[in-house]
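Listed below are the residues making up each chain.
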Amino acid sequence: MTTVAIIGAGPGLGLATARRFGREGHDIALIARTPQHLDDLTAVLAKEGIRAQGFAADVSDPDSLQAALDAAATLLGPIEVLQYSPLPHRDFMKPVLDTSSEDLAAPLAFSVHGPATAVQQVLPGMRQLGHGTVVFVNGGTAVRPHPDRAGTSVAFAAESAYGQLLHDALQAENIHVAQLIIPGAITPGDPRKDPEVLADTLWQLHTGRGPYRTFAEPLDA
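The following refers to the structure shown.

So, how was this worked out
- Residues numbered from 1 in each chain as written.
- Predicted model: local features only at pLDDT ≥ 70, side-chain atom pairs only at ≥ 80, totals over all residues.
- Heavy atoms only, no water.
- Axes fitted to C-alpha atoms, helices over the stretch in contact; angles between N-to-C directions.
- Helix = DSSP H or I, 4+ residues; strand = E, 2+ residues; numbered from the N terminus.
- Parallel < 35°, antiparallel > 145°, perpendicular 65-115°, else oblique.
- Left-handed = near helix turned anticlockwise from the far one by under 90°.
- Contact = heavy atoms within 4.5 Å.
- Nonpolar A, V, L, I, M, F, W, Y, C, P; charged D, E, K, R; others polar.
- Core = buried A, V, L, I, M, F, W, Y, C linked by side-chain atoms within 4.5 Å.
- Buried < 20%, exposed > 50% of the residue type's maximum accessible area, 1.4 Å probe, protein only.
- Salt bridge = Lys/Arg side-chain N within 4 Å of Asp/Glu carboxyl O.

### Thoughts on the packing of helix α4 (residues 101-129) against helix α5 (residues 150-170)
Here comes step 1: Here α4 crosses α5 at 20°, and the two axes come no closer than 7 Å. One way to sum up the angle between α4 and α5 is to call them roughly parallel. At the point where α4 passes α5, the crossing takes the right-handed sense. Across the interface between the two elements, L104, P107, L108, S111, V112, P115, A116, V119, Q120, L123 and R127 from α4 touch A150, G151, V154, A155, F156, A158, E159, Y162, L166 and L170 from α5.
Here comes step 2: Residues of the contact of α4 with α5, tallied by class, amount to 16 nonpolar, 3 polar and 2 charged.

### Thoughts on the nonpolar core
The nonpolar side chains of a soluble globular protein tend to be buried with one another.
Here comes step 1: Judged by nonpolar contacts, the single largest core of 30 residues is most densely connected at I7, I31, L69, L82 and F136.
Here comes step 2: Those elements giving two or more residues to this core turn out to be β1 (3-7), β2 (27-32), α3 (62-76), β4 (79-84), α4, β5 (132-139), α5 and β6 (175-182).
Here comes step 3: Not counting residues within four places of it along the chain, the set of residues in contact with I31 comprises I6, I7, G8, A9, L38, F55, A57, L65, A68 and L69.
Here comes step 4: By size, the runner-up hydrophobic cluster in this structure holds 26 residues, among which are I6, V137, L198 and A216.

### Here's the deal with the pattern of salt bridges
Here comes step 1: Tallied over the entire structure, the rule returns 8 salt bridges.
Here comes step 2: The residue E48 makes a salt bridge to R19 at a minimum N-O spacing of 2.8 Å. In this pair, E48 sits in the loop between α2 (35-47) and β3 (52-56) while R19 sits in helix α1 (residues 13-23), placing the two residues 29 residues apart along the sequence.
Here comes step 3: Residue class for R19 comes out partly exposed when judged on its relative accessible area of 22%.
Here comes step 4: The salt bridge involving D200 is made with R20; its shortest N-O contact spans 2.9 Å. Of this pair, D200 sits in helix α6 (residues 195-208) while R20 is found in helix α1, placing the two residues 180 residues apart along the sequence.
Here comes step 5: Judged by its relative accessible area of 11%, R20 falls in the buried class.
Here comes step 6: Each of R19, E48 and E196 takes part in a single network of salt bridges with overlapping partners.

The analysis is restricted to geometry; functional conclusions fall outside its scope.
Here it is as C-alpha cells:
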C-alpha cells in the first residue's frame, strides 16, 4: 500500500484520519512541529496495528517541510494522499482594521506557501503512481470572511483559490484535489463534526473523487 501524509497531525482530526486510512491498509506519515507530540500519536496507532511514523516540520519553513515529506516517502513508501490541515495560530485572527500588511505575512506563509511547498514535493510521486489525492481542510472563513479574523479570512481564501486551480489543472492526470470546509469547531460527539465522522468524510473525498469543495455542515448551521 501507499502512504497518507497528514500535515498538522494532532490528537483530534489528524489521529482520526490516521485511523480511518490505516484501517484500509495505508501507512501513515504524521507531520507536526513537536517530536514528542508525534511520538505519542505513533504509539497510540501502533497499539491499534497501524504503521505510522512521525516527521517533525514547520509548515512555515519550506526546507523542513520538504525534508519531512521526502523522508516519509523514503521510509514508508510513495505518498498517495496528502492532507493539509494544520491549525492556524491564534494571532492570525485580528480584526481587519488592526491587521497590517506585515500581519498578513505569517498567515499567507502558513496557508499558501506551506500548501504549495507540500504539493510540489509530493506531485512527482503521485504522477509516477498514476493517481493521488490532495485534501485541504479549512474553516468557514475560507468562504465567508469574518471581520474579526482577518488573517485566516484572507489566507484561507487564497488557499481555497490555489486548491481550486489545482483541482482543475490535475484532474486529467487522475490526481484529485478537494477541500473540506468545517464551519466552527471540530466537536467530539457532533453528528457532523466529530473527528471520526470527519475522517470518514475525508475517506469518501479520496475514494469518491467528487467536486472540489465539500462542507461538513451547512455554513449557516
